[in-house]
Amino acid sequence: MKRKFADASVSSRDETTYNLGFTAASLRPELARIVAECYLTVGNWDLAKDRILSSNKLQSRSAGSLVRMERELRQRIRRLTPTQIEILARATSEDRAAMAWLATQKHCSFIFEFAAEVLREKIVEHDRVLRQSDYETFLENKSASHPELAKLAPVSKNKIRQVLLRMLFEAGLLCDGSAIGIIQRPVLSETALNAIADDSSHWLAGFLFSDSEIRSL
């Protein structure tokens, strides 16, 4: 049964239409770091874009994939606060992954809601095994308010699932185990935690923090 969030600020925030174009890149925290570094160096997103594309800083195999990946990463990172961008560019690999995951959740509510509503709920229920049925149930439940999900071609639906799951492994929310994987809460440093909470503790639901923990922050 779908759980009602105790904190309204953590509840699902449905958009008119989900942004499902995130498949151009998985989490790729090291590549996100390059984009963030370039932006901090030049201080302008358009200039950063030109520099990345002209020198293929993301080491893409084709011009088309480079353009798509740069655009997707840039759109995510622009959702971060200045402090969060600094962490993404210059902190530890764990903190970079946390900021890349935060940027992705901010950019795509579909991803945030899956983590906050499915993974977090399963932890509450002491069931840490993520199964294919969990994902399919999530899609079915969301299709009522997001008909674009039901209209997805099988190839697109499969790609979205693959990239989302890859992100969860990259962000440390899944590890190898039974079925799709084992759900775990990623460890956040004090630096990363403060950067997220100072922005909005709402986003900690996507890092699988409980309602009571979020309220305490």
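This one's a predicted model, so the numbers in the text were calculated from it and none came from an experiment. (Residues numbered from 1 in each chain as written. Predicted model: local features only at pLDDT ≥ 70, side-chain atom pairs only at ≥ 80, totals over all residues. Heavy atoms only, no water.)

### Points about the sheet that holds strand S3 (residues 181-183)
Next up, step 1: An order of S1-S3-S2 is seen for the three strands of this open sheet, with the pairing classed as antiparallel. Strands with a single pairing partner mark the edges of an open sheet, and in this sheet they are strand S1 (129-130) and strand S2 (174-175). (Pairing = 2+ DSSP bridges. Helix = DSSP H or I, 4+ residues; strand = E, 2+ residues; numbered from the N terminus.)

### Regarding the packing of helix H2 (residues 45-55) against helix H3 (residues 63-77)
Next up, step 1: For the pair H2 and H3, the least separation of the axes is 11 Å and the interaxial angle reads 150°. By the angle between their directions, the pair H2 and H3 is classed as roughly antiparallel. Regarding H2 and H3, the two cross each other, and that crossing is right-handed. Residue-level contacts link Trp 45, Lys 49, Ile 52 and Leu 53 of H2 to Leu 66, Val 67, Glu 70, Arg 74 and Ile 77 of H3.
Next up, step 2: Of the residues belonging to the contact of H2 with H3, the class tally is six nonpolar, no polar and three charged. (Axes fitted to C-alpha atoms, helices over the stretch in contact; angles between N-to-C directions. Parallel < 35°, antiparallel > 145°, perpendicular 65-115°, else oblique. Left-handed = near helix turned anticlockwise from the far one by under 90°. Contact = heavy atoms within 4.5 Å. Nonpolar A, V, L, I, M, F, W, Y, C, P; charged D, E, K, R; others polar.)

### Some thoughts on helix H6 (residues 109-124)
Each full turn of the α-helix corresponds to 3.6 residues, which orients residues three or four apart in the same direction.
Next up, step 1: End to end, H6 covers 21 Å across 16 residues, agreeing with the expected 22 Å (1.5 Å per residue, within 8%).
Next up, step 2: Buried residues dominate H6, accounting for 15 of its 16 residues.
Next up, step 3: At the C-terminal side of H6, His 126 shows a positive phi close to 60°. (Expected span 1.5 Å × (residues − 1). Buried < 20%, exposed > 50% of the residue type's maximum accessible area, 1.4 Å probe, protein only.)

### Some details on unusual backbone geometry
Next up, step 1: At Asn 56, a residue that is not glycine, the phi angle is positive and equals roughly 50°.
Next up, step 2: Along the chain, Asn 56 falls in the loop between H2 and H3.
Next up, step 3: Positive phi is not limited to glycine here, since Ala 179 has a value of about 55°.
Next up, step 4: The residue Ala 179 is located in the loop between S2 and S3 in this model.

### A short note on the nonpolar core
In summary, soluble globular proteins display a tendency toward joint burial of nonpolar side chains.
Next up, step 1: Counting residues in each nonpolar core, the largest one holds 67 residues, and the members touching the most others are Phe 22, Trp 101 and Phe 110.
Next up, step 2: The dominant element in this core, judged by the number of residues it contributes, is H6, at nine residues.
Next up, step 3: Setting aside residues up to four positions removed in sequence, Phe 110 forms contacts with Tyr 18, Leu 20, Phe 22, Tyr 135, Phe 138, Leu 139, Leu 149, Ile 160 and Leu 164. (Core = buried A, V, L, I, M, F, W, Y, C linked by side-chain atoms within 4.5 Å.)

### Thoughts on the packing of aromatic side chains
Next up, step 1: Following the criterion strictly, the structure yields seven aromatic pairs and no others.
Next up, step 2: Pairing Phe 22 with Phe 110 gives two aromatic rings, centres 6.3 Å apart and planes at 20°, and the pair type is stacked. Taken together, the residues Phe 22 in the segment before helix H1 (29-42) and Phe 110 in helix H6 connect sequence positions 88 residues apart. Each of the two residues, Phe 22 as well as Phe 110, counts as buried.
Next up, step 3: Ring centres of Tyr 39 and Trp 45 lie 3.9 Å apart, and the angle between their planes is 10°; on these two criteria the pair is classed as stacked.
Next up, step 4: Take Trp 45: its relative accessible area is 11%, and that puts it in the buried class.
Next up, step 5: Aromatic rings pair up to connect Tyr 18, Phe 22, Phe 110, Phe 114, Tyr 135 and Phe 138 into one cluster. (Phe/Tyr/Trp six-rings, centres within 6.5 Å; stacked < 30°, edge-to-face > 60°.)

### What about the pattern of salt bridges?
Next up, step 1: What the rule picks out here adds up to 14 salt bridges.
Next up, step 2: The partner of Arg 33 in a salt bridge is Glu 30, with the nearest N and O atoms 3.1 Å apart. Here Arg 33 and its partner Glu 30 are both found in helix H1, three residues apart, which amounts to about one turn of the helix.
Next up, step 3: Relative accessible area serves as the criterion here: at 36%, Glu 30 is assigned to the partly exposed category.
Next up, step 4: Measuring nitrogen to oxygen at the nearest pair gives 2.8 Å for the salt bridge that ties Asp 127 to Lys 122.
Next up, step 5: Each of Glu 30, Arg 33, Glu 37 and Arg 96 takes part in one network of salt bridges that share partners. (Salt bridge = Lys/Arg side-chain N within 4 Å of Asp/Glu carboxyl O.)

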